[in-house]
Every structure is written in structure tokens, then in C-alpha cells.
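Coordinate analysis (summary)
Here are the chains, one letter per residue:
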Amino acid sequence: MITADTSIFESLESNVRGYCRNWPTVFTKAKGSWLRDENGSDFLDFFAGAGALNYGHNNDVLKQPLLDYIAGDGITHGLDMSTSAKRDLLTTLRDTVFAPRGLDYKVQFPGPTGANAVEAALKLARKITGRETVVSFTNAFHGMTLGALSVTGNAAKRAGAGVPLVHAAHMPYDGYFDGTTADFQWMEKVLDDTSSGFDRPAAVIVETVQGEGGVNVARAEWLRHLAGLCQAREILLIVDDVQMGCGRTGPFFSFELAGITPDIVTLSKSIGGYGLPMALVLFKSELDQWAPGEHNGTFRGNNPAFVTAGVALRHYWSDGSLQASTLAKGEKVGRILGELADNVPGLTTRGRGLVHGLVFDDASQASKVCQVAFERGLLVETSGSTDEVVKLLPPLTITDQELDHGLGILTGAVDTVCSGMGAIA
């Protein structure tokens, strides 16, 4: 393998850089489900910008409208001014996403990242209820800013805050006790016991599938129980759909499978369509209690992202074809990974739609699998509290042939790393 010149990154860029350490090359181009480096090597992308590229790289459906908008001197930076691009997006959201699902949501444009959306959601919940505490769950990840970190579970990420992370409480996520303790037994007990010392929270924030936490999948009945618990106690329910929304689990929203309607939803990553920075906070109309300008951000008006977001919604979500395709591909991934896990001791799998994980009892093997996969032309990363999970996030637009190719590389990488533990059928 030709060694890439990464000296400028190593000498000038901060030590905080991460992904580039595991993929030591210099990428130059990307199209669809593929990236190419400056040595001409091609890599199939099972990472998709950490879920920001559900529609792949440089998708032609989105690229030409974006180029036309820029060439026509369309508004680029708009703060929260009314623009034609924003009007088009809001109209498309209403007609394509909200109306078919019977959702009466208002739309807030915070800063353009998932953490910005989470911060706004937490702030709004506290404003509405007059309470301070927000409940989150074990292994949760909601972002790297202070409020988002306070409801994140990972100790290493929390330690980076440098100050106490307060006004948050953590409860066990679905399956945390491996079925040995009844779901919500502790949470319900402390909420209803006036002597528990646990004040009623403003909100509960939850991911229906914990991506960074290790592809932990909440059951539909668990989510329904949580929604009922919150409603009965006048606690707002926030679903963080930053990574799992926009079709990643099949339906547009990841919570649709459970048949619940969260009070507040956060979106980012693939909502911009093209990989352009954009975030939304959606909330029930009666919760729109912001005063004008009470929460703002300089880059909340990224109009080029509004353009690609609107095109993506119209093209991919005007019917059920993408959802059906994602679910079918997800079934294939689940079946192949399940067969793989059946033949490798110490390996299990879990997932939903086109987010799946291979879970290694020996956590060190996960990173080794990713390294071998990279050497063979596949980008895949780890997640979980000890990086014990190889997480698959391919573009939803990946072809069946590309999916098969990537799964073949991954299977071979697992075979190489785990060959001493038993042959793979």
C-alpha cells in the first residue's frame, strides 16, 4: 500500500482528530457509496459521515438543484430571515412528512449541528415545565456541548467537560439488566415515591437506537411504556433522532415503529440531504413558548442545506419506496451478520434497518476488524462503551451489489481476526 503524505495533519492539526487515525490516507473524491484517495484506491463507505450521508456522496438528485441555486445567486446565509428556500423546505416538511403522519409540529432552526438541536430541546423543556432535571439513559450519546454531555453516558466523553455536569439523571436503557430486572421498575418507583429524593424531571431524552452507545435497540413495547410513563406524569418526551432519523431504521422517524408521538424531536445529520450542516427541533404546537430571539444562532439559516433537504424529502419520501428498500436491505444485513455470529464464538449482532452492529466479547477484536476492512477497501468504525462494536451505517441508497461486496469484505475481516477462535462457515 502506498503511504499517504499526512505530515501536515500530524504537525498542524490538533491531537483531537480521531477518524483519520484509523483511516491513514488522504481522500480526494466521493460518489454514491464510494470514496477515492489520492493514490487512486477506492473504499466502500459503510460509515456514511456518521449517518450524515443517508443519500450517499454527491447524489445527482441533490447536486444539480444545489448547483442551480448557487449559480442563481440564491441566499446562502440567512439567519432566521424568510427566504424562498426556507419556505420551500417548510412547505415540503408539512406536506411530505408531517401531514401523512398526522403530526402537528412546529419547526425550530437552531444552529446547524445535532448538539445545537439537543441544547435547544433541553432548554425549551426546562422553560415550559419550570423544572431542571432531564432524564437520559445508560450508554446514551447526545453531543459534546455541556448540556448534551450532561445527558450522555460515556465516561470518557463526559470527563472532557472539565466542569460538573448537572441537572441530569441517568436510568437503565432497554436491556441494560439483560432481562433480570423489570423494565422501568426503578424509574417508576423513584418518580412516584415522595421520599425518594428524586424530583420530577422536565423531560426524558432517548434514542430509539443508541448508535454511539453500541447499536443498542429499544423494543417498541419499551418505547411505548416510556411514552406512557412520561405522559401520565406530565414529563416531556424528547426523541433524539439525529443519527437514526431520516430513514436510517426504515421509516422516516425511528419512533414510528413504536407508534408514539414524542413531544420534541431533534434532527440533524442527514436532514440536510447532501451532507450540508443543518438541524431542526420539532415540537408540538402547544409547546411553542419561545419569545422572539430567545434562542438563536448565527448559522441557523444555511439556505443551501434547505434546498437539498427539500429535494431529498420530495424525491425519497413522497412514497414508501425508500423505506421498503431500507427494510429489505436491513433484513439481508441482519441475516448475513446473524449467520456470521452463529459461527464465531464470542460474537453477537444487533440492529434495525440499515444500522447494525457486530458485538465482540473481546473488545480489542472490533478495532482489528475495522483495520483489516480498511486495508481491503471498506470504511467501518467502532462504537460502544469500550469500542467493542463494529457499527455498520451504509448509505440508504447503496445498491444490493455494493452491499454484498461490503459484507463480503467485513466477513473476511472477521475471519482473519477471529480465525483462531473457530472457522466461519
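Residues numbered from 1 in each chain as written. Predicted model: local features only at pLDDT ≥ 70, side-chain atom pairs only at ≥ 80, totals over all residues. Heavy atoms only, no water.

Defined as follows: UniProt positions are given in the numbering used here, feature names are shortened, and annotations may be inferred rather than shown by experiment.
The name an unreviewed UniProt entry gives the protein chain is Diaminobutyrate--2-oxoglutarate transaminase, with Nocardia tenerifensis as the organism. UniProt, in the comment section headed Pathway (unreviewed entry), describes the protein chain in these words: "Amine and polyamine biosynthesis; ectoine biosynthesis; L-ectoine from L-aspartate 4-semialdehyde: step 1/3." In its Cofactor (unreviewed entry) section, UniProt records this for the protein chain: "pyridoxal 5'-phosphate".

**Let's talk about the sheet that holds strand 2 (residues 34-37)**
Either a parallel or an antiparallel arrangement is found when strands of a sheet pair, and the pairing is made through backbone hydrogen bonds. Note the following rule: At least two DSSP bridges between two strands are required for those strands to pair. To qualify as a helix, a DSSP run of H or I must reach at least 4 residues; to qualify as a strand, a run of E must reach at least 2; elements of each kind are numbered from the N terminus.
Within the open sheet, the 4 strands sit side by side as 1-2-3-15. Their pairing is mixed. Edge positions in the sheet fall to strand 1 (27-31) and strand 15 (378-379), since each of these pairs with one other strand and no more. Relative to strand 3 (residues 42-45), strand 2 is paired through 3 bridges, and the arrangement is antiparallel. Bridge pairing in strand 3 links Leu35 to Phe43.

**Focus: helix 5 (residues 84-101)**
The criterion, for reference: Between the first and last residue of a helix there are one fewer steps than residues, each counted as 1.5 Å, and that sum is the expected span. To obtain the bend at a residue, axes are fitted to the seven residues ending there and to the seven starting there, and the angle between these axes is taken.
With 18 residues, helix 5 should cover 26 Å at 1.5 Å per step; its first-to-last C-alpha distance of 25 Å lies within 8% of that length. Taken as a whole, helix 5 carries its principal kink of about 35 degrees at Arg94. Just beyond helix 5, the residue with positive phi is Gly102, at close to 65 degrees.

**Remarks on the confidence of the model for the protein chain**
We count it as follows: As a per-residue measure, pLDDT tells how confident the predictor is, with possible values from 0 to 100. Contacts between residues were defined by any pair of non-hydrogen atoms, one from each residue, lying within 4.5 Å.
Across the protein chain, pLDDT averages 95, with 97% of residues at or above 70. Scored below 50 in pLDDT, residues 421-425 shows 11 contacts in the model against residues more than four places distant or in partner chains.

**What to know about the pairing of strand 12 (residues 280-284)**
Quick reminder of the rule: With a 1.4 Å probe rolled over the protein chains alone, any residue whose accessible area is under 20% of its type maximum counts as buried; one over 50% counts as exposed, and the rest are partly exposed.
Counting buried positions over the 5 residues of strand 12 gives 4, a clear majority of the element. The pairing of strand 4 (residues 105-108) with strand 12 spans 4 bridges and is antiparallel. Of the residues in strand 12, the one forming a bridge with Val107 is Leu282. As defined by bridge partners, strand 11 (residues 264-267) adjoins strand 12 across 4 bridges and the pair is classed as antiparallel.

**Focus: the packing of helix 4 (residues 60-71) against helix 11 (residues 303-317)**
For the record, the criterion: Axis lines are fitted to C-alpha atoms, over the contacting stretch for helices. Their N-to-C directions set the angle, which ranges from 0 to 180 degrees. What makes a crossing left-handed is the near helix being turned counterclockwise from the far one by less than a right angle; a clockwise turn instead makes it right-handed. Ten residues, namely Ala, Val, Leu, Ile, Met, Phe, Trp, Tyr, Cys and Pro, are considered nonpolar, four, namely Asp, Glu, Lys and Arg, are considered charged, and the remaining ones, Gly among them, are considered polar.
Close contact between helix 4 and helix 11 brings their axes to 9 Å; oriented N to C, the two are set at 145 degrees. Our pair here, helix 4 against helix 11, has a crossing hand that is right-handed. Each of Val61, Leu62, Pro65, Leu66 and Tyr69 in helix 4 lies in contact with helix 11, whose residues at this interface are Asn303, Pro304, Val307, Thr308, Val311, Ala312, His315 and Tyr316. The residue inventory of the contact of helix 4 with helix 11, partitioned by class, reads 10 nonpolar, 3 polar and no charged.

**Let's talk about the sheet that holds strand 4**
Strand order in the open sheet formed by 7 strands is 4-12-11-10-7-5-6, and the pairing between neighbours is mixed. Only two strands of the sheet have a single neighbouring strand rather than two, namely strand 4 and strand 6 (168-171). Geometrically, the sheet is characterised by an average inter-axis angle of 25 degrees between neighbouring strands, direction not taken into account. In this sheet, strand 7 (residues 203-206) lies alongside strand 5 (residues 134-137) in parallel orientation, the contact comprising 2 bridges. By the bridge assignment for strand 7, Val134 is matched with Ala203. Sitting on the sheet, helix 5 is in contact with strand 4 and strand 12, with an inclination near 140 degrees to strand 4.

**Some words on the pattern of salt bridges**
Definition in use: By salt bridge we mean one thing: a side-chain nitrogen of Lys or Arg within 4 Å of a carboxyl oxygen of Asp or Glu.
With the rule as written, the count across this model stands at 16 salt bridges. Between Arg219 and Glu221 there is a salt bridge, and its shortest N-O distance comes to 3.6 Å.

**Remarks on the domain arrangement of the protein chain**
Heads up, the condition is: Domain start and stop points were drawn from an automatic or database domain assignment. Values labelled buried area give the accessible surface lost by two parts on being combined, using a 1.4 Å probe and summing over both.
You can read the domains of the protein chain as domain 1 (6-59 + 321-419) and domain 2 (74-317). With centres defined by C-alpha atoms, the gap from domain 1 to domain 2 works out at 26 Å. Taken residue by residue, the interface counts 32 residues in domain 1 and 31 residues in domain 2. When the two sides are added together, the surface that domain 1 and domain 2 hide from each other amounts to roughly 2600 Å², 49% of it contributed by carbon and sulfur. By the criterion of area lost to domain 2, the three top residues of domain 1 are Tyr55, Gln323 and Arg352, representing 29% of everything that side buries. Taken together, domain 1 and domain 2 are joined by 1 salt bridge.

**Structural notes on the side chain of Asn154**
Note the following rule: Two N or O atoms form a polar contact when they lie within 3.5 Å of each other; inside protein one atom must be a possible hydrogen donor and the other a possible acceptor, and for residues adjacent in sequence the pair counts only when both atoms belong to side chains.
Within the secondary structure, Asn154 is located in the loop between helix 7 (146-150) and helix 8 (155-159). In this structure the side chain of Asn154 is engaged in a polar contact, spanning 3.0 Å, whose partner is the backbone nitrogen of Ala156. A distance of 3.0 Å separates a polar side-chain atom of Asn154 from the backbone nitrogen of Lys157. Apart from the residues within four sequence positions on either side, Asn154 is in contact with Ala140 and Ser385.

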